[in-house]
Amino acid sequence: MSTEGSSLQDWGIAADEKFSLRLFVAGASSISIRAISNLQSILDEHLKDRYELEIIDIHQQPLLVKEENIFAVPLLIKKLPSPIKRLVGDMSDKAKVLKGLGLE
Amino acid sequence: MAKKKATAKAADNLTFLKTPTGINGLDEITLGGFPKGRPTLICGAAGCGKTLFSLEFLVKGVEEFNEPGVFIAFEEKADELALNVTSLGFDLKKLQDEKKLRIDYIHIDKSEIEETGEYDLQGLFIRLGYAIDSIGAKRVVLDTIENLFSGLTNEGILRAELRRLFQFLKDKGVTAIITGESGEKTLTRQGLEEYVSDCVILLDHRVVNQISTRRLRIIKYRGSLHGTNEYPFLIDEDGISVLPVTSLKLDKPVSAEIINSGIPSLDKMFPTGGFYKGSSILTSGTAGTGKTSIAVSFADAACKRGEKCLYFAFEESPAQIIRNMKSIDLNLQKHVDKGLLKFYASRPTMYGLEMHLVAIHKAIQKFKPNVVVLDPITNLITIGSFSEVKSMLVRMIDFLQENQITVMFTALTLSTVINDQTDDGVSSLVDSWLCIKDIEMNGERNRGLYVMKARGMQHSNQIREFVITNKGLSLVDVYLGPDGILTGSARETQMLMEETGQVLHRNALGRKDREVLRKRKLLEAKIESLKTEFESAEEELNKIYIEDEIKRGVLNKTRQQMTDLRSGNKDI
């Protein structure tokens, strides 16, 4: 884990591939805030500038909840690169987050 | 609306409000339905009908009570669900289009999900809340929430969230059904009963002797009276029917009206001239004693009176019965065509006893007959133990009496041992009991019929011979001979002998009469001759007497003359 570029190559992910991420949270609860900050720090550490993160408050978008089949929050959906992966929780288990994102 | 709310609130303090389910029979058992505004747990093993049950709750809610519903499916997709229930006549798509029903499928796939720490189920809450608010739902089904446990592993969180979910549902004021699959020792795998403590209903699908029966039991209903038995239920093209098997009271109406049996000579055995309307009559006998014929006569009589009769045949097909009964001059087809007679034929082994009861129940409620015939009830024993059949009959009679339907059962008695058993059990249930016995004598088998009992009626204590002719059925007085009762040709012989005797007797009497006449004539002739004899004797006697008289006159005269001569005072 010296430089991010080489690490990405090591993980078999094309250097130019962008991560498309969506984080669904329910309002500004403590768990939401925790999830956002935990995720941010992981992403900043491992995927600097290689990701797009959209944070959505499900209270504001009830229709999306059904569309995206959301029940447990916070929920992070990795749309790209495939496969689609869903991560539930406040992102405090860093190893699992990395595994979920395919950055193991 | 405001008024409605106010009354609801007022009633809330006083009585327990219930949401009628609209499911056939269930509201009777729960005395009004599920607890309003609270969750009800429906649990049971796989395939016991939980999903169907809860869907019908929603569909009936829309159709009958105009209460929109939300179905949160964890197992099946909306279109799969819709497809599964089209056979029951539920058009989920239409209800969804009318915004009366919302189906939300929550897909949970463990392989897709990575748990990365603490979470909650706010997503589900929002989804549920949105679905409820968007159509103003009053009823909610979660089928089955336990699937959450298969997708998410943090039980601590899930349990806390479930508790919150049920509170959320209560706050929303919706009447909810939560389904749960049976666990090994608990009612549900995840112990949902812990959270839903107001009303718990257990569904059961048992297979005994390869015959399946669905049953329902209310395990718990806080704050309300409810039936505590296991109630059988049936899933058919009309949805679910639960049978509220035994009513709690013995307060059925009674009638003093008399209906005839269709066999005039049988009616004569009762001074009342028949059976009471709404009573139950059992006709028992060994094989081939004409039980079905009696039952059909009974049905025929009802139809002739213009009443409706429902005939449950467990042995023969309707066509067979109609054909066979032509041989005793009963035209059933006529009644069938008029719609007065309806057959309901099913093999006993088709489904379990309870199912039969439910099916019979349903058929009766649909056709609304005045008279019901069950032929024969003993065939049902093949699919249930004796006590089960008995309890079924109790419920059946109960139901029929409540509806003032007269019922005739036929029962086959095999041997004396079973006979006694069956008879013992059924005897206390039925009001009247006709017993047909085989009387074997002189190389013949004949039928003897007697009235074993008839509640509230005097009846003949005689055994009558029961004869089946091509003109119909009738009862003949049994002849008493030196060796006991005489039936069949022995009776005929006896009758013939008596007739001969009478002729001979008459003949003998005639001869005696003539003899007397002759004797009289003879005597009369004798009297006549004696009379003549007497007359001649009398004349003879009279002749002497006159002669004497004349003689005395002449003597006197001559004596006078002599005297005169002697005295000489007279000129001669």
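Residues numbered from 1 in each chain as written. Chains lettered and ligands numbered in written order. Predicted model: local features only at pLDDT ≥ 70, side-chain atom pairs only at ≥ 80, totals over all residues. Heavy atoms only, no water.

- Per an unreviewed UniProt entry, chain B goes by non-specific serine/threonine protein kinase and derives from Pedobacter frigiditerrae.

- As annotated in an unreviewed UniProt entry, chain A carries the name Circadian clock protein KaiB and is attributed to Pedobacter frigiditerrae.

### A few points about the overall build of chain B
- Looking only at helices and strands, chain B has 16 helices and 25 strands in total.
- Split into buried and exposed, the 572 residues of chain B put 48% on the buried side.
- Residue pairs in contact within chain B that sit at least 24 positions apart in sequence constitute 69% of those at least 6 positions apart.
- For chain B, the computed accessible surface area is about 29100 Å², with 52% contributed by carbon and sulfur atoms. (Helix = DSSP H or I, 4+ residues; strand = E, 2+ residues; numbered from the N terminus. Buried < 20%, exposed > 50% of the residue type's maximum accessible area, 1.4 Å probe, protein only. Contact = heavy atoms within 4.5 Å. Areas by Shrake-Rupley, 256 points an atom, 1.4 Å probe, with all protein chains shown as cover.)

### Brief notes about a negative patch on the surface
- A cluster of like negative charges, contributed by B:Glu524, B:Glu528, B:Glu535, B:Glu538 and B:Glu539, occupies part of the molecular surface.
- With respect to the element layout, B:Glu528 can be found in helix 16 (residues 488-567). (Patch = residues over 30% accessible without salt bridge, like charges linked within 9 Å, V, L, I, M, F, W, Y side chains within 5 Å. Salt bridge = Lys/Arg side-chain N within 4 Å of Asp/Glu carboxyl O. Lys, Arg positive; Asp, Glu negative; His and termini not counted. Charge placed at Lys NZ, Arg CZ, Asp CG, Glu CD.)

### Digging into the interface of chain B and chain A
- The interface of chain B with chain A comprises 26 residues on the first partner and 28 residues on the second.
- Taken together, the two surfaces of chain B and chain A that pack against each other cover about 2300 Å², and 56% of this comes from carbon and sulfur.
- At the junction of chain B and chain A, the tally comes to 16 residue pairs in polar contact (both at pLDDT 80 or more).
- Of all the secondary-structure elements, those providing two or more residues to the side of chain B that touches chain A are strand 5 (101-105), strand 6 (113-115) and helix 6 (122-135) of chain B.
- Considering each element in turn, the side of chain B that touches chain A owes the most residues, six residues, to helix 6 of chain B.
- Where strand 4 (residues 85-88) of chain A lies against strand 6 of chain B, three bridges are found, and the strand directions are parallel. Across the sheet, the residue bridging to A:Leu87 is B:Glu114, located in strand 6 of chain B. (Buried area = accessible area lost by both parts, 1.4 Å probe. Polar contact = N/O pair within 3.5 Å; in protein donor to acceptor, adjacent residues only side chain to side chain. Pairing = 2+ DSSP bridges.)

### Some thoughts on the pairing of strand 2 (residues 51-57) of chain A
Residues and elements named next belong to chain A.
- Both strand 1 (residues 19-25) and strand 2 contribute to a ladder of seven bridges, which runs parallel. Bridge pairing in strand 2 places Leu21 opposite Leu53.
- Read as a crossover between parallel neighbours, the route from strand 1 over helix 2 (residues 30-46) to strand 2 is right-handed. (Right-handed = clockwise from strand over helix to strand, strands pointing away.)

### Some thoughts on the confidence of the model for chain A
All names here are of chain A.
- Within chain A, residue pLDDT values average 80, and 85% of them lie at 70 or more.
- Ranking the elements of chain A by mean pLDDT puts helix 1 (residues 4-10) last, at 47, and strand 1 first, at 88.
- The model gives residues 1-8 a pLDDT under 50, and that stretch makes seven contacts with residues more than four places away or in other chains. (pLDDT = per-residue confidence, 0-100.)

### Brief notes about a nonpolar patch on the surface
Residue and element names in this part refer to chain B.
- Among the surface-exposed residues, Tyr545, Ile546, Ile550 and Val554 lie close enough to one another that they form a single nonpolar patch of about 420 Å² accessible area.
- With respect to the secondary-structure elements, Val554 resides in helix 16.
- With relative accessibility at 48%, the residue Val554 sits in the partly exposed group.

### Some words on the UniProt feature "coiled-coil region" (unreviewed entry) in chain B
- UniProt marks residues 513-547 of chain B with the feature "coiled-coil region" (unreviewed entry), using the numbering shown here.
- For residues 513-547 of chain B, the helix share is 100%, the strand share is 0%, and the end-to-end C-alpha distance is 50 Å. (UniProt positions renumbered as here; feature names shortened; annotations may be inferred.)

### Concerning the sheet that holds strand 1 of chain A
- In spatial order, the strands read 2(A)-1(A)-3(A)-4(A)-6(B); together these five strands make up an open sheet with mixed pairing. Both outer strands of the open sheet, strand 2 of chain A together with strand 6 of chain B, are each paired with one neighbouring strand and no more. Averaged over all pairs of adjacent strands, the angle between strand axes in this sheet comes to 20°, irrespective of strand direction.
- Contacts from helix 2 of chain A reach strand 1, strand 2 and strand 3 (75-80) of chain A within the one sheet, and its direction differs from that of strand 2 of chain A by about 175°. (Axes fitted to C-alpha atoms, helices over the stretch in contact; angles between N-to-C directions.)

### Some details on unusual backbone geometry
- Of note, the bond from A:Val73 into A:Pro74 is cis; its omega dihedral lies within 30 degrees of zero at -5°.
- Relative to the elements of secondary structure, A:Pro74 occurs in the loop between helix 3 (62-67) and strand 3.
- The amide bond that connects B:Asp143 to the next residue, B:Thr144, takes the cis arrangement and shows omega of -25°.
- Structurally, B:Thr144 can be placed in the loop between strand 7 (139-143) and helix 7 (147-151).
- At B:Lys99, a residue that is not glycine, the phi angle is positive and equals roughly 60°.
- Secondary-structure assignment places B:Lys99 in the loop between helix 5 (92-97) and strand 5.
- Notably, B:Lys368 is not glycine yet its phi reads approximately 50°, a positive angle.

### Some thoughts on the sheet that holds strand 10 (residues 211-221) of chain B
All names here are of chain B.
- Overall, mixed pairing links the nine strands, which are arranged 5-4-7-8-3-9-10-11-12 in an open sheet. This sheet does not close on itself; its edge strands, each paired only once, are strand 5 and strand 12 (239-242). Going from strand to strand, the sheet's axes swing by 20° on average, the running direction of each strand aside.
- Of the strand pairs in this sheet, strand 3 (residues 39-44) and strand 8 (residues 175-181) are connected by six bridges, and their pairing is parallel. Across the sheet, residue Thr40 finds its bridge partner in strand 8, namely Ile177.

### A word on the confidence of the model for chain B
Residues and elements named next belong to chain B.
- On average, residues of chain B score 83 in pLDDT, and 91% of them reach the 70 mark or higher.
- The least confident element of chain B is helix 1 (residues 2-14), whose mean pLDDT is 47; the most confident is strand 4 (residues 69-73), at 92.
- Confidence drops under a pLDDT of 50 for residues 1-13, and excluding neighbours within four residues, the segment shows three contacts in the predicted structure.
- Here residues 416-420 scores under 50 on pLDDT; set against residues more than four positions off or in separate chains, the count is one contact.

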